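What follows is the residue order along each chain.
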Amino acid sequence: TAGFRNQYSARAGGGFDNSSNYAVAFGVENTLRFSGRVRLGGFYITNNTYAYYSMRNGDQFSKRFGGETGNDPDFLRLTIYKYLNGVRSADSVVFYLADYRFTNRAQDYIVRDWTFVNLAALGEADSLFFRMASSDVGEFGT
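Basis of the calculations
Residues numbered from 1 in each chain as written. Predicted model: local features only at pLDDT ≥ 70, side-chain atom pairs only at ≥ 80, totals over all residues. Heavy atoms only, no water. Helix = DSSP H or I, 4+ residues; strand = E, 2+ residues; numbered from the N terminus. Rg over C-alpha atoms; globule rule 2.2 N^0.38 Å. Contact = heavy atoms within 4.5 Å. Areas by Shrake-Rupley, 256 points an atom, 1.4 Å probe, with all protein chains shown as cover. Lys, Arg positive; Asp, Glu negative; His and termini not counted. Charge placed at Lys NZ, Arg CZ, Asp CG, Glu CD. Pairing = 2+ DSSP bridges. Buried < 20%, exposed > 50% of the residue type's maximum accessible area, 1.4 Å probe, protein only. Polar contact = N/O pair within 3.5 Å; in protein donor to acceptor, adjacent residues only side chain to side chain. Patch = residues over 30% accessible without salt bridge, like charges linked within 9 Å, V, L, I, M, F, W, Y side chains within 5 Å. Salt bridge = Lys/Arg side-chain N within 4 Å of Asp/Glu carboxyl O.

Participant: How would you summarise the overall build of the protein if you had to cite specific residues and measurements?
Facilitator: Looking only at helices and strands, the protein has one helix and seven strands in total. Against the compact-globule benchmark of 14 Å for 142 residues, the protein has a radius of gyration of 16 Å, which places it among compact chains. C-alpha extents for the protein along the principal axes are approximately 45 × 35 × 30 Å. For the protein, the proportion of contacts with a sequence separation of at least 24, taken over those separated by at least 6, is 70%. For the protein, the exposed surface amounts to about 8,600 Å²; the carbon and sulfur share of it is 48%. Where the 15 positive side-chain charges of the protein centre and where its 14 negative ones centre are 3 Å apart.

Participant: Report on the sheet that holds strand β5 (residues 109-110), specifying residues and quantitative values.
Facilitator: Pairing is antiparallel across the open sheet formed by five strands, whose spatial order is β1-β7-β3-β4-β5. Either end of the sheet is taken by a strand with one partner, and the two such strands are β1 (29-39) and β5. Direction of pairing for strand β3 (residues 75-84) relative to strand β7 (residues 124-134): antiparallel, over a ladder of eight bridges. Counted as the bridge partner of Ile80 is Phe130 from β7.

Participant: If you had to explain the side chain of Thr46 to someone new, which residues and values would you point to?
Facilitator: The residue Thr46 is located in the loop between β2 (42-45) and α1 (49-57) in this model. Overall, Thr46 belongs to the buried group, its relative accessible area being 13%. Within polar-contact distance, the side chain of Thr46 engages the backbone oxygen of Asp113 at 3.3 Å. Look past the residues within four positions of Thr46 in its chain and what remains in contact with it is Ala10, Arg11, Ala12, Leu97, Val111, Arg112, Asp113 and Trp114.

Participant: How would you explain a nonpolar patch on the surface if you had to name every residue and give the values?
Facilitator: A contiguous nonpolar patch, built from Tyr8, Tyr22, Val24 and Phe26 and spanning about 390 Å² of accessible area, is present on the exposed surface. The topology assignment puts Tyr8 in the segment before β1.

Participant: Which residues make up the pattern of salt bridges, and what values go with them?
Facilitator: In the structure shown here, the tally under the stated rule is six salt bridges. Residues Arg39 and Glu124 are paired through a salt bridge, measuring 3.8 Å at the closest nitrogen-oxygen approach. Taken together, the residues Arg39 in strand β1 and Glu124 in strand β7 connect sequence positions 85 residues apart. Lys63 is the salt-bridge partner of Asp72, the closest N and O atoms lying 2.7 Å from each other. Taken together, the shared-partner salt bridges in this structure form one network comprising Arg37, Arg39 and Glu124.

As structure tokens, this is what we get:
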């Protein structure tokens, strides 16, 4: 269901592969630190229920993605950087949780299922830095 009271639920209805475990992150920037150096593989991601419906329908905090005509080039983007030995790599992986920038509106989407984000190209890391960006900016937007 729509509304901020559903901000802790995954839009997919539960964790990946029917797991009851998943994490929800808030904020424009977040860091995930590992206990040591790890070779990155990837992870599964989806929108939380609140964000999904807020982008799909619009509400008092967010505009409807695509706007009234469906032609607004809206997006919600996650950029993932690796850190190794305290140094942030210039390399990154970009994943769109919503993308309405297509010429063909049939390609517009908001992620609603668990989707794999491949981080293998980043190699090894001791932490990951996540940065969100959106076309919906303002008092409540990023």
